[in-house]
Amino acid sequence: MYLINWNPGSSRLEANFGGCITEGEASVFLEELQEQLDQVTGQEFSLVLDFATTKRLENGVMDLFCAARKASQVAGASKVVFVAHDEAEAVDLTDSRLQEVLEGREEYVSFKYAS
């Protein structure tokens, strides 16, 4: 299950996930995200993708989350923040995208530090 919310006060698009995320559900999310991105294109905004409270991600879901990151950046997102389950996962994600993190375009944090 997921919820997509546009916060006009902070110019932030937030996607929050819970439960077990299937690849099919992530695909539908990506379609809905694209509809939201079409509405904010041309504005300065950021995306927060929070999957810290999910129980499990099926194979292929992280690939779709990466596609969501790319689509957001193409639409003009100034920053994309991933909220991971724990610090170890946030470190792994940071290591895999270190250049983008150093440039300030991406951030990977754990649930503990995001709240």
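Here's what I pulled together on the structure shown here. For every chain, the first residue of the written sequence is number 1, and numbering continues from 1 along that sequence. Only residues with pLDDT of at least 70 are given local features in this predicted model, and only at 80 or more are side-chain atom pairs given and counted; all residues enter the totals for whole chains, interfaces and linings. Only hydrogens and water are removed before side-chain values are computed, so all heavy atoms of the structure are retained for them.

**A look at the pattern of salt bridges**
What counts here: One speaks of a salt bridge when a side-chain nitrogen belonging to Lys or Arg is within 4 Å of a carboxyl oxygen belonging to Asp or Glu. Each residue is placed in one exposure class: buried if its accessible area under a 1.4 Å probe, protein chains only, is under 20% of its type's maximum, exposed if it is over 50%, and partly exposed if it falls in between.
Across all of its chains, the model carries 6 salt bridges by this definition. Linking Glu14 and Arg12 is a salt bridge whose minimum nitrogen-to-oxygen distance equals 3.0 Å. Looking at Arg12, the relative accessible area reads 30%, which means it is partly exposed. Between Arg97 and Glu100 there is a salt bridge; the shortest N-O distance is 3.6 Å.

**Let's talk about the nonpolar core**
Proteins that are soluble and globular tend to have nonpolar side chains buried together. Keep this limit in mind: For the purposes of this section, nonpolar cores are sets of buried Ala, Val, Leu, Ile, Met, Phe, Trp, Tyr and Cys residues that join through side-chain atoms within 4.5 Å. Each helix corresponds to a stretch of at least 4 residues labelled H or I by DSSP, and each strand to a stretch of at least 2 residues labelled E; elements are numbered beginning at the N terminus. We call two residues contacting when some pair of their heavy atoms lies within 4.5 Å.
In terms of nonpolar packing, the biggest core is built from 28 residues, with Phe17, Phe29, Leu37, Leu49, Phe51 and Phe65 touching the most fellow members. Listing elements by their share of this core, those giving two or more residues are strand E1 (2-7), strand E2 (12-21), helix H1 (23-40), strand E3 (45-57), helix H2 (61-74), strand E4 (77-84) and helix H3 (87-96). Excluding anything up to four places from it in sequence, Phe51 contacts Phe17, Leu57, Met62, Phe65, Phe82, Val83, Ala84, His85, Glu89 and Leu93. Counting residues in hydrophobic clusters, the runner-up holds 5 residues, among them Val48, Ala52, Val81 and Val83.

**Focus on H3**
This is how it is decided: This arc is built from the directions going out from the helix axis to the C-beta atoms. N or O atoms within 3.5 Å of each other form a polar contact, as long as, within protein, one can give a hydrogen and the other can take it, and as long as residues adjacent in sequence are counted only when both atoms are side-chain atoms.
Ala90, Leu93 and Thr94 are the residues of H3 that are buried. The arc that holds every buried residue of H3, seen down its axis, measures 100°, which confines them to one face. Exposed and facing more than 90 degrees away from the buried side of H3 are Asp92, Asp95 and Ser96. Those residues of H3 that are buried are in contact with E3, H2, E4, helix H4 (98-102) and strand E5 (106-110). Where H3 begins, the capping side chain belongs to Asp86, and its oxygen is found 3.3 Å from the backbone nitrogen of Ala88.

**Quick look at a negative patch on the surface**
For clarity, the threshold we go by: Only residues whose relative accessible area exceeds 30% and that form no salt bridge enter a patch; like-charged residues are grouped when within 9 Å of one another, and nonpolar side chains (Val, Leu, Ile, Met, Phe, Trp, Tyr) when within 5 Å. All accessible-area figures derive from a Shrake-Rupley calculation using a 1.4 Å probe, and residue coverage is judged against the displayed protein chains alone. Neither His nor the chain termini are counted; the positive set is Lys and Arg, and the negative set is Asp and Glu. We put the charge of a Lys on NZ, of an Arg on CZ, of an Asp on CG and of a Glu on CD.
On the surface, Glu31, Glu32, Glu35 and Asp38 cluster together to form a negatively charged patch. The topology assignment puts Glu35 in helix H1.

**A closer look at the packing of aromatic side chains**
Our working rule: Stacked, tilted and edge-to-face pairs are distinguished by plane angle, under 30 degrees for stacked and over 60 for edge-to-face with tilted covering the rest, among Phe, Tyr and Trp rings (Trp via its six-membered ring) whose centres lie within 6.5 Å.
Scanning the entire structure with this criterion turns up 8 aromatic pairs. With 5.8 Å between their ring centres and 40° between their planes, Tyr2 and Phe17 make a pair best called tilted. Taken together, the residues Tyr2 in strand E1 and Phe17 in strand E2 connect sequence positions 15 residues apart. Across the pair, exposure class does not vary: Tyr2 and Phe17 are buried alike. Ring centres of Phe82 and Tyr108 lie 5.1 Å apart, and the angle between their planes is 35°; this geometry places the pair in the tilted category. In this pair, Phe82 sits in strand E4 while Tyr108 sits in strand E5, placing the two residues 26 residues apart along the sequence. The exposure class of Phe82 is buried, given its relative accessible area of 1%. Among the residues examined, Tyr108 registers a relative accessible area of 9% and is labelled buried.

By themselves, these are just geometric observations and shouldn't be taken as functional.
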